[in-house]
Amino acid sequence: MKPQEVAGGGRAVEVPAERLEGFFARFAERHGGIAATEAGPDEVRVTAADGSTATATVPFGPLDEPSLDALLAHVLLPRRIALLLVRLGSHSAGIARAGRVEVSRTDRHLVQGRSAAGGWSQQRFARRRAGQARHARQDAAKDAVEVLVPRLSEVDAVVLGGDRRALDELRGDRRLAPLFARAERRVLEVGEPSFAVVQEAAVRATSVQVTLRDG
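Residues numbered from 1 in each chain as written. Predicted model: local features only at pLDDT ≥ 70, side-chain atom pairs only at ≥ 80, totals over all residues. Heavy atoms only, no water.

## A word on the sheet that holds strand 11 (residues 208–213)
Next up, step 1: Spatially, six strands are ordered 1-2-11-5-4-3 in an open sheet, and the strand pairing comes out antiparallel. Unpaired on one side and paired on the other, strand 1 (4–5) and strand 3 (34–39) mark the two borders of the sheet.
Next up, step 2: Examined bridge by bridge, strand 1 and strand 2 (residues 11–15) share two bridges and lie antiparallel to one another. Within the sheet, the bridge partner assigned to Glu5 lies in strand 2 and is Arg11. (Pairing = 2+ DSSP bridges. Helix = DSSP H or I, 4+ residues; strand = E, 2+ residues; numbered from the N terminus.)

## Observations regarding the sheet that holds strand 7 (residues 90–97)
Next up, step 1: Taken in spatial order, the five strands line up as 8-7-6-9-10 in an open sheet, and their pairing is mixed. A strand with exactly one partner marks an edge of an open sheet, and here the two such strands are strand 8 (100–108) and strand 10 (183–188). Within the sheet, the average angular offset between the axes of one strand and its neighbour, ignoring direction, is 15°.
Next up, step 2: Taken together, the six bridges between strand 6 (residues 80–87) and strand 9 (residues 157–162) define a ladder with parallel strand orientation. From the neighbouring strand, Leu84 faces strand 9, where its bridge partner is Leu160.
Next up, step 3: Where helix 6 (residues 195–204) meets the sheet, its contacts fall on strand 6, strand 7, strand 8 and strand 10, and the angle it forms with strand 8 comes to roughly 140°. (Axes fitted to C-alpha atoms, helices over the stretch in contact; angles between N-to-C directions. Contact = heavy atoms within 4.5 Å.)

## What about helix 6?
Next up, step 1: Listed in full, the buried residues belonging to helix 6 are Val197, Val198, Ala201, Ala202 and Arg204. Along helix 6, the residues classed as buried sweep out an arc of 165° about the axis, all on the same side. Away from its buried face by more than 90 degrees, helix 6 exposes Ala196 and Val203.
Next up, step 2: On the buried face of helix 6, the contacting elements are strand 2, strand 6, strand 7, strand 8 and strand 10. (Buried < 20%, exposed > 50% of the residue type's maximum accessible area, 1.4 Å probe, protein only. Arc of directions from axis to C-beta.)

## What to know about the layout of surface pockets
Next up, step 1: Its volume calculated, the largest pocket comes out at about 590 Å³.
Next up, step 2: Forming the walls of the largest pocket are 28 residues, and the residues nearest its centre are Arg164, Arg185, Arg186, Val187 and Gln209.
Next up, step 3: Among the elements that make up the lining of the largest pocket, the one with the highest residue count is strand 10 (five residues).
Next up, step 4: Among the residues forming the lining of the largest pocket, the class breakdown is 13 nonpolar, six polar and nine charged. (1 Å grid on protein atoms, 1.4 Å probe; cavity = no way out; pocket = protein on both sides within 12 Å on 5 of 7 lines; lining within 4 Å. Points joined across faces, edges and corners; volume = space filled by probe spheres on them. Nonpolar A, V, L, I, M, F, W, Y, C, P; charged D, E, K, R; others polar.)

## A few points about the pattern of salt bridges
Opposite charge on two side chains permits them to pair, given that their charged atoms come into close proximity.
Next up, step 1: The final tally for this structure, using the stated rule, is 11 salt bridges.
Next up, step 2: A salt bridge links Glu169 to Arg137, with the nearest nitrogen and oxygen atoms 3.1 Å apart. Of this pair, Glu169 sits in helix 4 (residues 164–170) while Arg137 sits in helix 3 (residues 119–147), and the two are 32 residues apart along the sequence.
Next up, step 3: The class for Arg137 is partly exposed, based on a relative accessible area of 29%.
Next up, step 4: With a closest N to O distance of 3.2 Å, Lys142 and Glu146 form a salt bridge. With Lys142 and Glu146 both in helix 3 and four residues apart, the pair spans about one turn of that helix.
Next up, step 5: One connected set of salt bridges, linked through shared partners, spans Arg105, Lys142, Asp143 and Glu146. (Salt bridge = Lys/Arg side-chain N within 4 Å of Asp/Glu carboxyl O.)

Put into structure tokens, the structure is as follows:
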């Protein structure tokens, strides 16, 4: 994924777990070495000699004995992950282990775009569109209940992706409360869910988000 600008300055990158150690080594080389390391249960911050920082958010945390070495070991542990990817009109639910999809279900529904018409036509269109969106959400919830909820005792984590508003609307379904209760804070940005997208998300779910700020 391309670096994303973050609030307060800096940019966030996704680093595959197996490349994290090399990432920090290259960061040190580019910025004159490491001046300090601060480690907590939820993040590890490395400060370079020139004042630049690289802050890793701990996935699947917290760390019991926080340190950079502990983080590097922690992210390499094999995990089975439940994935729920939702956008308006489409969704994917799947289970992945070590970046490989074991089971998944994807569905799409037509949800029409906005209309430029006014008056009664606009109102009819809005009602029809709302009905289409509601039907899509109901099917997303149904697939999540059938594919993910029965397997929650078998997974190590839950990772969400897609449109935050669509995901928030699903949070109101009481059947999905156990799923959302275990969800990681990070929400993956994904395109329209498909089998290819859920495969990509299975790999990205184990990556580490690192925020870089220049000194």
